[in-house]
Amino acid sequence: MKVAIVGASGAVGQEFLRLLDERQFPMDELVLFGSERSAGRKYNFQGKELTVKILQHNDDFRDIDIAFASAGAGTSKEFAADITKYGCVMIDNSSAFRMDDDVPLVVPECNAKDALVRPRGIIANPNCTTIMMVVVLQPLEQLSHIKRIHVASYQSASGAGAAAMQELQQQYKEIVETGEVKTIKKFPHQLAYNVIPQIDVFQPNGYTKEEMKMFNETRKIMHTDARCSAMCVRVSSLRSHSESVWIETERPISVEEAQQAIANAPGCRLVDDPTTLTYPMPLDTAGKDDVFVGRVRKDLANDNGLTFWLSGDQIRKGAALNAVQIGEYLVAQ
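Residues numbered from 1 in each chain as written. Predicted model: local features only at pLDDT ≥ 70, side-chain atom pairs only at ≥ 80, totals over all residues. Heavy atoms only, no water.

Asks: I would appreciate a short explanation of the overall build of the protein in the present structure.
Replies: Each helix and strand counted, the protein has nine helices and 14 strands in total. What you see for the protein is a C-alpha radius of gyration of 20 Å, in line with the 20 Å of a compact globule of 333 residues. Taken along its principal axes, the extent of the C-alpha atoms in the protein is 60 × 55 × 45 Å. The proportion of buried residues among the 333 residues of the protein is 51%. Here the protein has roughly 14,900 Å² of accessible surface; of this, 49% comes from carbon and sulfur atoms. Where the 36 positive side-chain charges of the protein centre and where its 43 negative ones centre are 2 Å apart. (Helix = DSSP H or I, 4+ residues; strand = E, 2+ residues; numbered from the N terminus. Rg over C-alpha atoms; globule rule 2.2 N^0.38 Å. Buried < 20%, exposed > 50% of the residue type's maximum accessible area, 1.4 Å probe, protein only. Areas by Shrake-Rupley, 256 points an atom, 1.4 Å probe, with all protein chains shown as cover. Lys, Arg positive; Asp, Glu negative; His and termini not counted. Charge placed at Lys NZ, Arg CZ, Asp CG, Glu CD.)

Structural data, given as structure tokens:
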């Protein structure tokens with residue numbers, strides 16, 4: 001078994017390295033690829049020093065079985081044919097192929113079997129906010145069909161990559177040292193001590209591209225007709241995204257039913273005790289694999305409604321871990 005990471009030097013690429021090691025992914029060899037800028041960098045993996053190779057239009061993927069790609073949509077589109085030409089399965093973390101009819105969009109806790117039908121040799125990894133939400137929606141869907149979803153996301157700097165995390169830290173440093181922020185590159189406005197109600201570009205309907213991803217990807221992953229209305233907000237936490245979710249089901253679901261279903265669901269962890277002020281927070285969920293859920297309660301505005309809060313590590317379950325789990329499923333099959 002020969003595995004590759006495309007985009008090895010990025011935040012998600014580095015998380016791939018850690019997870020493949022931590023989870024003892026079954027492979028004999030790991031190959032790292034990157035841009036000209038990152039080519040030549042060296043990383044230690046299981047006692048070996050690996051050097052990043054330049055991603056090129058050649059036959060480098062002839063003997064590779066699985067490639068985890070996280071180098072951006074443009075790179076994925078440009079090199080997909082090279083990666084898959086000889087039978088390598090490309091598990092792509094970008095938005096390039098997510099809504100293509102002939103590319104499965106997979107969250108293993110929801111629709112793992114979809115990964116087995118991949119006409120183009122590509123499996124798409126969904127958007128981070130969608131992944132974390134559907135992991136929690138799946139056990140609730142099994143109780144009663146979900147008709148409508150409203151969600152407000154609170155997304156950390158990590159969602160925009162390693163450079164964005166560094167920018168947030170730099171902004172706080174500048175405020176302490178000079179009283180004003182001078183570095184604004186990765187976000188449209190200052191993020192330190194602020195929230196920005198925009199993630200990705202605006203669409204003609206007034207929603208952003210990130211918000212429309214949650215609408216479209218949820219329907220594809222869960223094979224559902226549910227409609228999702230999202231408001232995606234960038235907040236000044238460093239790592240881990242959170243979401244406040246309202247759902248309407250065909251029949252009322254009790255709080256106790258929902259809590260039990262979530263507690264027993266793969267990939268979920270119930271952290272819900274208002275009496276001790278216990279609920280998920282980004283500081284606690286960063287670096288963890290599960291999606292943490294709390295504040296489960298009835299929706300006072302809808303008799304068939306339920307609302308809850310979730311938090312999870314965007315770089316792990318929201319990106320690298322989900323892709324690695326897809327790879328593990330393929331190997332097991």
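Asks: Is there a simple way to explain the environment of glutamine 170 in this structure?
Replies: Residue position: glutamine 170 is located in helix 5 (residues 162-178). Taking the C-alpha atoms as reference, glutamine 170 lies 9.1 Å from alanine 192; in sequence the two are 22 residues apart.

Asks: Is there a simple way to think about the sheet that holds strand 13 (residues 291-298) in this case?
Replies: What links the strands of a sheet is backbone hydrogen bonding, and the strands pair in either a parallel or an antiparallel sense. With mixed pairing, six strands are arranged side by side in an open sheet as 10-9-11-14-13-12. Every other strand in the sheet has two partners, leaving strand 10 (227-234) and strand 12 (268-270) as the edge strands with one partner each. Here the average twist between neighbouring strands, direction ignored, is 25°. Where strand 9 (residues 146-155) and strand 11 (residues 241-249) come together, eight bridges link them in antiparallel fashion. (Pairing = 2+ DSSP bridges. Axes fitted to C-alpha atoms, helices over the stretch in contact; angles between N-to-C directions.)

Asks: Is there a simple way to explain a nonpolar patch on the surface in this structure?
Replies: Taken together, the side chains of Leu277, Tyr279 and Met281 present a nonpolar region at the surface, about 290 Å² in accessible area. Among the structural elements, methionine 281 can be located in the loop between strand 12 and helix 8 (282-285). (Patch = residues over 30% accessible without salt bridge, like charges linked within 9 Å, V, L, I, M, F, W, Y side chains within 5 Å. Salt bridge = Lys/Arg side-chain N within 4 Å of Asp/Glu carboxyl O.)

Asks: Got a minute to help me understand the nonpolar core in this structure?
Replies: It is characteristic of soluble globular proteins that their nonpolar side chains tend to be buried jointly. If you look at the biggest cluster of nonpolar residues, it comprises 55 residues, and the most contacted ones within it are Phe61, Ile149, Ile247 and Phe308. Of all the elements, helix 4 (residues 128-141) adds the most residues to this core, at eight residues. Those residues within four positions of phenylalanine 308 in sequence are excluded, and the remaining contacts are Val136, Leu137, Leu140, Glu243, Ser244, Val245, Ile247, Val293, Gly294, Arg295 and Val296. Core analysis: the next-biggest nonpolar cluster, separate from the first, contains 41 residues, Leu20, Phe25, Leu32 and Ile91 among them. (Core = buried A, V, L, I, M, F, W, Y, C linked by side-chain atoms within 4.5 Å. Contact = heavy atoms within 4.5 Å.)

Asks: Help me understand helix 4 in this model?
Replies: Helical geometry note: an α-helix holds 3.6 residues per turn, so side chains three or four residues apart project in the same direction. If you check helix 4, its first and last C-alpha atoms are 20 Å apart, about what 14 residues at 1.5 Å a residue would give, namely 20 Å. Along helix 4, the largest kink reaches about 30° and is centred on valine 135; proline proline 139 follows within four residues of it. Counting buried residues along helix 4, 13 of its 14 residues qualify, which places the element largely inside the surrounding structure. (Expected span 1.5 Å × (residues − 1). Bend = angle between axes of the 7 residues up to and from the residue.)

Asks: What am I meant to see in the packing of aromatic side chains here?
Replies: Considering all chains together, one arrives at five aromatic pairs under this definition. With a centroid separation of 5.9 Å and an interplanar angle of 80°, the aromatic rings of phenylalanine 25 and phenylalanine 68 are classed as edge-to-face. You can see phenylalanine 25 sitting in the loop between helix 1 (11-22) and strand 2 (29-34) and its partner phenylalanine 68 sitting in strand 6 (residues 66-69), a full 43 residues away along the chain. Residue classification places phenylalanine 68 among the buried positions, given a relative accessible area of 0%. Among the aromatic residues, ring-to-ring pairing joins Phe16, Phe25 and Phe68 into one connected group. (Phe/Tyr/Trp six-rings, centres within 6.5 Å; stacked < 30°, edge-to-face > 60°.)

Asks: Is there a simple way to explain the pattern of salt bridges in this structure?
Replies: Oppositely charged side chains can form a pair if their charged atoms are brought close together. This structure, assessed with the given rule, holds 23 salt bridges. Close ionic contact of glutamate 29 with lysine 2 constitutes a salt bridge, the shortest N to O distance being 3.9 Å. On the criterion of sequence distance, the pair formed by glutamate 29 in strand 2 and lysine 2 in strand 1 (residues 2-6) is long-range, its members being 27 residues apart. What makes glutamate 29 partly exposed here is its relative accessible area of 41%. You can call lysine 2 partly exposed: its relative accessible area is 21%. Between arginine 62 and aspartate 59 there is a salt bridge; the shortest N-O distance is 3.4 Å. Residue arginine 62 is classed as partly exposed on the basis of its relative accessible area, which comes to 42%. The class of aspartate 59 is partly exposed, set by a relative accessible area of 37%.

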